[in-house]
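# Structure assessment
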Amino acid sequence: MENDEVAAAMSRRDLLRLIGVTAGSAAMYQAMSALGFAAPSPYQGPVDLSGAPPGASVLILGAGMAGMSAAYELRNAGYKVQVLEYNARAGGRNWTLRGGDSYTELGGATQHCEFDRDLYINPGPWRIPYHHQGVLHYAKLLGVPLEPFFQVNYNAYLHSPKAFGGKPQRFREVKADYQGHVAELLAKATRQHALDDAVSQEDQERLLESLRQWGALDRNFTYAASDAASDRRGYAKNPGGGLSARPIPSEPVGLGDILKSGLWQGIPNGDTFDMQTALFQPVGGMGRIGEAFGRELGPLIRYNSKVVDIAQDASGVTATYVDSRTLSDKQTARADWCLCTLPLSVLAEIPLNVGAELAAAISAVPYASAIKVGLQFKRRFWEEDEQIYGGITYTDLPITNIGYPNTGFFSGGKGVLLGAYIWGLNAMEFTAMTPPERVQRALDYGSQIHPQYRREFDNGIAVAWHRSPFTLGCFGMWSTDARARHYDNLCQIDGRIALAGEHASFLGGWQEGAVTSSMDAISRLHLRAVAQGAKA
Amino acid sequence: MIIVQRGRWRRGLAGLPVLLLLLLMQSGSGVRADDSSFTDTDDIGPLTGEQIYQHICQGCHMPGGQGAVGAGYYPKLAGDKKLISWEYAAITVLNGRNGMPPFALPAAAAKETRAVRLSDAQVADVVNYVRSHFDNKYRATVTARQVQALPHPGAGMAPAE
């Protein structure tokens, strides 16, 4: 209340400048938060950067989601912005490989993507949860159309070579049977008075009725072949019309078999906050967002620029860079402030004069290993033969995922699957192979789930993130211990340099982490710039 | 090829570690953009230094220890003068360096970050392999006992298995 009255008496910008001059930027940040100026993470709308000192400049390193969202906001706020980018394209890990593209990984192997026109794979991020409002905001702002991403498909599979003779099981069957048996057991325990101490008599009645509904139990609280159970797990013969219409219920799998199979581990895949419906994907591939950002920022981005040195002094920051293709043609870029969004795996190897705490933080985060393999097939057999439209099959084979395209349903012609999405040790092993070997392995394993692979395979492409020249890894893998010791130090502004990116977030590996960390960092950089502007 | 010999090193689907992983993924600090709840990295089994190099290290350091240069770089191990110090090599494998992951985290921390765990003997083997290949001609071999005496990551955080 008090703030509001003061704010009414003088302009908010004047007030902030006054606080900044007298009390320093930390106090001003508090005041800004109280006044609703500073947008805290997670994303709550565009940051307010009003009052940028005339002529103030920011050098941004990296044209990924963090760098470009920052460049967009800072430019619009009146800052002079320049972005240096290693790649010849905008987007960073926001990236789509389409038919006709080429990709050369570290070590020199070049792959030519031979997918049909309009078919693609997203080597990096591929889905946007509905609550990632920062990424969604920029997609909308940039005019990038979105479509649904199916995290859960009840007709896709859960699979283990060690379960059910290696035969993939429909998600709906495993889920219904697991749920039904658990409900039956709990109902039995309730009726045998095992829960009398924990649940009142009245609540036991309610619990039993809820279990009957939740588990599709019959009137005796049994989970067995029935219309109710088939309505969850599917029928042996589906209901239809006419004389041949009568449905035949399916037979549930026994509890022991479900438990032994381990497939229950796949049931909660859509239950985590990040994976809950609705999720989205850009029409035409995730890279559409980065591409649109690149068009929007135009000449502000200098491509093919490899940063080799970052040095700050009392009045600004100088980055030295070379042409990333020839490693020659050394040049410098200078600005009052620097927002560095380079992955820590890269930044840790670039000379940089910052304090010991930030330096230690930069070197404290190993990068995750991850692999994606895209496979093009001559026809969409998963739709035509198995009625799987989008979504994901999970397996404990090293490929872990088979992702079905969430677009182009029922179209004739070819289709592209995500044939593998691998982490950890298996990802390291796939990385150590040549790209054709990776594709072959993905085919070998995937054909255990879809025997059509052999006959229908057309071509494939494999991206191993530790071989990515622009990131040298997939994303920063914080341990609880490293985060406790280094995270705050990583996010603090050091003189004139601030860091941003998914590595400076609690949303590791998500684009939303990049965007929200950038908004947070530029809000704080802006405060420093404003405070200094007032002093000048 | 490790992947061919799956039976030997990919144990059955152990429920407990996977549950633990799911729990970690759902906790605040463990939020990650992946959801492969089946993968475990518990035990890479008995591998020689050469196998470890070819299946893990060469993903970054490249076949022949050639290293690579992009926006950053992976050090070239062929002819690397730093390898004169076996301690340097072993400490790097144990603790990681910059973006390179540590390979001797305590079990819980390894699980959390999907790191791969090597035994002291395996670290010794892979150090010996690198120091005696790719034009590196260091004769002296390192033992598991010597590696054991070096600082390991997270010492004091959790008991090593």
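Predicted model, so just to flag it, every value in this text is computed and none were measured.

### Overview of the overall build of chain B
In terms of helices and strands, chain B carries seven helices and two strands. Tracing chain B from N to C terminus, the helices and strands come up as α-α-α-β-β-α-α-α-α. Across the 161 residues in chain B, those meeting the buried criterion constitute 47%. Here the analysis covers contacts within chain B between residues at least 6 apart in sequence; of these, 59% occur between residues at least 24 apart.

### Some thoughts on the pairing of strand β18 (residues 391-395) of chain A
Residue and element names in this part refer to chain A. Taken across its five residues, β18 has five buried, putting it largely inside the fold. Of the two faces of β18, the one holding Gly391, Thr393 and Thr395 and the one holding Ile392 and Tyr394 are both buried throughout. Two strands pair when backbone bridges link them, and strand β9 (residues 157-159) and β18 are joined in this way by two bridges, in the parallel orientation. When the bridges of β18 are listed, histidine 159 appears paired with threonine 395. Two elements, β18 and strand β19 (residues 401-404), share four bridges in a ladder whose sense is antiparallel. Along β19, the bridge assignment pairs isoleucine 392 with glycine 403. Remark: five residues form the turn of the hairpin made by β18 and β19, two consecutive strands paired antiparallel; threonine 400 in that turn has positive phi of roughly 60 degrees.

### Description of the sheet that holds strand β8 (residues 146-149) of chain A
All names here are of chain A. One open sheet accounts for three strands, arranged β7-β11-β8; its pairing is antiparallel. Both outer strands of the open sheet, β7 (128-129) and β8, are each paired with one neighbouring strand and no more. As judged from the four bridges shared by β8 and strand β11 (residues 279-282), these two strands associate in the antiparallel manner. Bridge assignment links glutamate 147 to a residue of β11, and that residue is glutamine 281.

### A look at the packing of helix α4 (residues 86-95) of chain B against helix α6 (residues 120-131) of chain B
Residues and elements named next belong to chain B. α6 packs onto α4 with a crossing angle of 130 degrees between their chain directions and a minimal axis gap of 10 Å. As far as their axial angle goes, α6 and α4 are oblique. Note that α4 runs across α6; the crossing there is right-handed. Touching Trp86, Ala89, Ala90, Val93 and Leu94 of α4 are Val123, Val126, Val127, Val130 and Arg131, all from α6. Among the residues forming the contact of α4 with α6, the class breakdown is nine nonpolar, no polar and one charged.

### With respect to the packing of helix α6 (residues 171-191) of chain A against helix α7 (residues 201-215) of chain A
Residues and elements named next belong to chain A. Across the interface, α6 lies against α7 with an axial gap of 8 Å and an inter-helix angle of 160 degrees. Here α6 lies roughly antiparallel to α7, going by the angle between them. Note on packing geometry: the crossing formed by α6 with α7 is left-handed. On α7, the residues touching Gln179, Gly180, Val182, Ala183, Glu184, Leu186, Ala187 and Thr190 of α6 are Gln204, Leu207, Leu208, Leu211, Trp214 and Gly215. Of the residues assigned to the contact of α6 with α7, the class counts are eight nonpolar, five polar and one charged.

### Examining the domain arrangement of chain A
Interfaces are often described in size by the accessible area the parts lose on coming together. What the domain assignment lists for chain A is domain 1 (39-89 + 302-364 + 479-535), domain 2 (97-155 + 277-283 + 368-467) and domain 3 (171-261). On a C-alpha basis, the centres of domain 2 of chain A and domain 3 of chain A stand 35 Å from each other.

### Details of the nonpolar core
The nonpolar side chains of soluble globular proteins are, as a tendency, buried together. Core analysis: the biggest nonpolar cluster contains 172 residues, and Val58(A), Cys338(A), Leu339(A), Ala90(B), Val123(B) and Val127(B) have the highest contact counts within it. In terms of residue count, the dominant contributor to this core is helix α18 (residues 511-535) of chain A (10 residues). Apart from residues lying up to four places away in sequence, Val58(A) is in contact with Leu74(A), Tyr79(A), Val81(A), Ala335(A), Asp336(A), Trp337(A), Leu339(A) and Leu525(A). Membership of the second largest hydrophobic core comes to eight residues, among which are Ala176(A), Leu211(A), Leu217(A) and Tyr223(A).

### So, the pairing of strand β20 (residues 415-423) of chain A
Within a regular beta strand, the side chains point alternately toward one face of the sheet and then the other, so they alternate between its two faces. Residues and elements named next belong to chain A. Burial runs high along β20: nine of the nine residues are buried. Bridging between strand β17 (residues 370-377) and β20 involves eight bridges; their strand directions are antiparallel. The residue of β20 that forms the bridge with phenylalanine 377 is glycine 415.

### Considering unusual backbone geometry
The step from Thr277(A) to Ala278(A) runs through a cis peptide bond, and the omega angle for that step is 5 degrees. Mapped onto the secondary structure, Ala278(A) falls in the loop between α9 (255-261) and β11. Phi is positive for Asp135(B), close to 70 degrees, though the residue is something other than glycine. Using a count of 10 C-beta atoms within 10 Å as the deciding quantity, one classes Asp135(B) as exposed.

### As for the sheet that holds strand β14 (residues 317-323) of chain A
All names here are of chain A. Ordered by their spatial adjacency, three strands build an open sheet running β13-β14-β15, and the pairing between neighbours is antiparallel. In this open sheet, the two strands that pair with only one neighbour each are β13 (305-312) and β15 (331-335). Taken over all neighbouring pairs, the strand axes of this sheet differ in orientation by 25 degrees on average, direction set aside. For β13 and β14, the ladder comprises seven bridges, and the chain directions are antiparallel. In the sheet register, alanine 311 faces β14, and the bridge partner there is threonine 318.

The rules behind the values
Residues numbered from 1 in each chain as written. Chains lettered and ligands numbered in written order. Predicted model: local features only at pLDDT ≥ 70, side-chain atom pairs only at ≥ 80, totals over all residues. Helix = DSSP H or I, 4+ residues; strand = E, 2+ residues; numbered from the N terminus. Buried ≥ 20, exposed ≤ 12 C-beta atoms within 10 Å, placed from the backbone. Contact = placed C-beta atoms within 7 Å. Pairing = 2+ DSSP bridges. Axes fitted to C-alpha atoms, helices over the stretch in contact; angles between N-to-C directions. Parallel < 35°, antiparallel > 145°, perpendicular 65-115°, else oblique. Left-handed = near helix turned anticlockwise from the far one by under 90°. Nonpolar A, V, L, I, M, F, W, Y, C, P; charged D, E, K, R; others polar. Domains from an automatic or database assignment. Core = buried A, V, L, I, M, F, W, Y, C linked by C-beta atoms within 7 Å.

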